[in-house]
Every structure is written in structure tokens, then in C-alpha cells.
Amino acid sequence: AAADAPRDAWHRIATAYVAVVLVLAATGFAVWSGAGLQRAAAVAVSVLVVTCPCALGLAVPLARELVHVGLRRQGVLLRRNSYLEKALRVRKILFDKTGTLTRGLLALADDSRRDLLARPLAERRVLWNLTGRSSHPVSRCVAAALSLNDATAGGAAVLDPAADDVREVPGEGLVWERDGVVWRFGRPAFALPGAGAAAAHAGRSVFSRDGEPLASLALVEEMKVDAAAEVARLQAAGYEVHLLSGDAPARVRAAAAALGLRADRAHGGLSPQAKADAVRALDDRDTLMIGDGLNDSPSFDAAWTAATPAVDRAVLPHKADFYYLGDGVAAVRRSLDAARRLRAVQRGNLAFAGVYNLVAVGLCLSGAVTPVVAAVLMPVSSVTVVAATAARLGGRRSPWTS
């Protein structure tokens with residue numbers, strides 16, 4: 001229904017336009033009927049011919065299509081037509097951190113790598129089977145570290161058929177019950193469910209057996225190359241930018257500082273549901289949520305509109321209003337700029353059509369324009385507004401990479 005709203009609005013405008021034209025033509029016929037039937041008919045025909053619906057029938061769909069094409073050239077693919085209207089109301093932009101503003105390519109800190117590879121082979125094999133099936137950036141990093149070290153570490157990357165029972169808890173971690181032993185890897189509170197046990201491992205990912213810590217791993221991450229610059233541009237444009245993450249609050253605050261965000265706009269330690277609640281708390285139908293993981297799905301449901309760079313995931317692209325390509329976040333600003341540019345062009349077209357029709361119909365009603373002259377003026381006005389639309393929206397050839 002939301003996707004049909006713009007079309008319905010323009011349909012109502014077009015219906016009103018036709019009704020007004022018919023009334024004006026009838027009025028002209030009635031006013032000039034005293035001068036003879038032929039003269040009255042000529043005035044009425046002139047009104048019907050000279051009126052130009054080009055801003056509605058031609059320029060509006062052309063403008064939207066040109067914006068879609070321009071965004072596709074920049075790697076922004078709109079899934080819902082309604083986004084271009086919804087984007088005009090956006091005032092708060094909420095970024096997930098890992099994989100959205102960061103590159104999603106984590107690395108183990110040197111001391112954590114040494115500690116991990118010093119663990120017994122059996123434990124490393126369990127951890128590899130835990131992490132090797134997950135698409136989360138932390139899991140991919142740990143699995144890659146174990147795999148790369150496989151040749152010299154006795155073969156940690158050995159697939160265990162029983163690992164099909166590994167279960168991923170979105171926003172928390174991984175758990176595997178094997179031979180009566182519960183193995184966990186993830187957030188400290190998840191891996192160490194005992195009261196107070198997680199505090200000593202804040203900001204780290206913990207590997208545990210039956211609630212006892214085996215390895216506490218620190219990871220470092222790299223921001224996307226344009227993240228800080230794009231966040232600055234969005235804030236300069238008047239948008240309120242927030243950072244949401246399930247990572248430790250200290251790590252999230254550090255990332256916010258690197259991005260130039262205020263500390264009170266950095267929200268860390270959030271479960272998927274807590275992240276969605278944070279979106280709802282901020283939302284008065286003006287939030288744009290950008291995320292890339294399964295744990296962002298509830299937040300997408302809570303936000304006014306949503307976007308994702310995760311085009312290869314099963315869930316998020318279907319919930320997003322648009323998704324984008326490239327190793328950056330400039331697509332977010334580009335989509336918002338495109339919506340504002342489309343509005344400006346549409347308003348300009350409607351203003352042109354209004355002035356043209358007002359003047360042309362006035363001349364027709366005064367008897368100064370014959371049907372032949374009206375037949376010339378109408379296509380000239382159509383060509384003018386279509387050409388102006390194409391010139392304003394069709395000349396950009398930006399590459400899709402951001």
C-alpha cells in the first residue's frame with residue numbers, strides 16, 4: 001500500500017486537472033455562445049487543445065525513472081518506489097557499526113592470536129567448527145585465523161559432522177552441545193552465563209566450555225574509507241546520526257569518536273531487541289536504519305525506512321527500501337540527495353505547467369488563440385518540460401562504487 005501511495009496521489013491530481021479543464025472549456029463555450037456556435041466551439045476546442053498535462057503525464061514518471069537510473073549508476077538500487085517520498089521525512093540516520101560503517105573485516109589482536117593458537121588442538125577444532133558456519137564478522141575472523149594457521153598448528157580446521165547442531169543466537173553468539181559439554185563463543189554475558197563472570201572480559205569475544213572461559217579474544221576493526229567523511233556530511237546537512245551496535249559500549253564509543261559523533265549518540269551492548277527498542281524510542285516516523293546482519297532485522301521492522309549493503313543475505317534486502325553496492329557508505333547520502341532533487345524538479349515542472357496553463361487558457365478564453373495555434377503551443381510546452389526534466393536529472397554519470 002505504501003508503494004502505491006505516490007501513484008494514487010498523482011492519480012488524484014490528474015483527475016482534478018481533467019475536471020478543471022472540462023469546466024473551463026464549458027465555461028468558455030457558454031461565455032462565447034452569444035457570438036455564435038462556431039466561435040464558442042472554437043474557444044472550447046482551443047481550451048481543450050492548449051492545456052498541457054505534460055507535467056503529470058510525462059514529466060513526473062520521466063523524472064522518477066531518471067532518478068532510479070541515476071541511482072543505479074551509483075550502485076543504489078531502490079526496491080520500493082515509496083522510498084523517494086519517505087526519504088524526504090528522514091531526520092535521524094541510525095547506523096549499525098560492524099560491517100556497515102566498518103569494513104566488516106576484523107583481525108585478532110596480536111596477544112589474542114598468540115593465546116588462541118596456544119590452546120590445545122581439540123579446543124581449536126571445536127572453535128573452528130563453531131565459527132566456520134557463521135557469517136558474523138567476528139566468527140569469520142576467528143575461523144580464518146584458525147584456517148590460515150592450519151598447516152602449522154596440527155590441523156585445527158577439521159570438519160566435524162556433529163557441528164550441524166551448532167546454533168547461532170542473533171546478537172549473542174554461538175552454542176554447541178556435544179557429548180554432554182556446552183561450548184559457547186560470543187559476547188561475554190552469553191559465553192559466561194554465571195553472575196558477574198563476564199565483567200572481566202568486557203569488550204572481548206569469549207570462548208568457553210560449560211561456562212568456564214578458555215580464551216578471551218580482542219579484535220581490531222577498520223572503518224570504511226569514507227565513513228568519517230560521509231557522517232560529517234550528513235551531520236552538516238542537518239541529519240541526526242546515531243551509532244547502534246551489539247559490541248561493548250567502550251568499543252562503540254571509540255568508534256563514535258573516530259566518526260565525529262557525540263558520545264550520547266553511540267549506543268553499545270545492544271541485543272537485537274534492544275536495538276529495535278532504541279530505534280522505536282528515536283522514531284517519530286523520520287528514521288533511516290542501515291544495517292547488514294540478521295540481528296538488524298528487528299530494527300528494520302521498527303524504522304520508518306531502511307537500507308542495507310548486505311545484498312548477499314537472505315533476509316535484509318527483502319526488508320530494505322534500498323540496498324547498495326561498493327565499499328563505502330556514500331550511497332546513503334546519495335539516496336537522500338536524489339529524493340530532494342526529484343522533489344525540486346517535480347515542483348519546478350508543476351510550477352511551469354501551472355503558469356503555462358494559466359496564461360494559455362486565459363488567452364484562449366479571451367479569444368486570442370485559435371485551435372490551430374493551440375495545437376502548436378501544446379506540443380511545444382510538452383517538449384520544453386520533458387527536455388528540462390531530462391537536462392536536470394539525466395546528465396549525471398557517477399560510477400557505482402562508493
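Each value, and the rule that gives it
- Residues numbered from 1 in each chain as written.
- Predicted model: local features only at pLDDT ≥ 70, side-chain atom pairs only at ≥ 80, totals over all residues.
- Heavy atoms only, no water.
- pLDDT = per-residue confidence, 0-100.
- Contact = heavy atoms within 4.5 Å.
- Pairing = 2+ DSSP bridges.
- Helix = DSSP H or I, 4+ residues; strand = E, 2+ residues; numbered from the N terminus.
- Axes fitted to C-alpha atoms, helices over the stretch in contact; angles between N-to-C directions.
- Buried < 20%, exposed > 50% of the residue type's maximum accessible area, 1.4 Å probe, protein only.
- Right-handed = clockwise from strand over helix to strand, strands pointing away.

Q: With reference to specific residues and values, describe the confidence of the model for the chain.
A: Considering every residue of the chain, the mean pLDDT works out to 87; 92% of them sit at 70 or more. Across residues 397-402, confidence stays below pLDDT 50; counting only partners more than four residues off in sequence or on other chains, it has 23 contacts.

Q: Quick rundown of the sheet that holds strand β5 (residues 173-178)? Include the residues and the values.
A: Pairing within the open sheet is antiparallel, and its five strands lie in the order β4-β5-β6-β7-β8. The two strands at the open ends of the sheet, each matched to only one other strand, are β4 (167-169) and β8 (212-217). Geometrically, the sheet is characterised by an average inter-axis angle of 20 degrees between neighbouring strands, direction not taken into account. Sheet topology places β4 next to β5; three bridges connect them, and they run antiparallel. Paired with R167 across the two strands is V175, which belongs to β5.

Q: Describe the pairing of strand β10 (residues 240-244), with residues and values.
A: Each regular strand carries side chains that alternate between the two faces of the sheet. Judged by how many residues are buried, β10 sits mostly within the fold: four of five residues are covered. The pairing of strand β2 (residues 92-96) with β10 spans five bridges and is classified as parallel. Note on β10: the bridge partner recorded for I93 is V241. Bridging between β10 and strand β11 (residues 266-267) involves two bridges; their strand directions are parallel. The residue of β11 that forms the bridge with L244 is H267. Considered for its hand, the β-α-β crossover made up of β10, helix α10 (residues 249-259) and β11 is right-handed.

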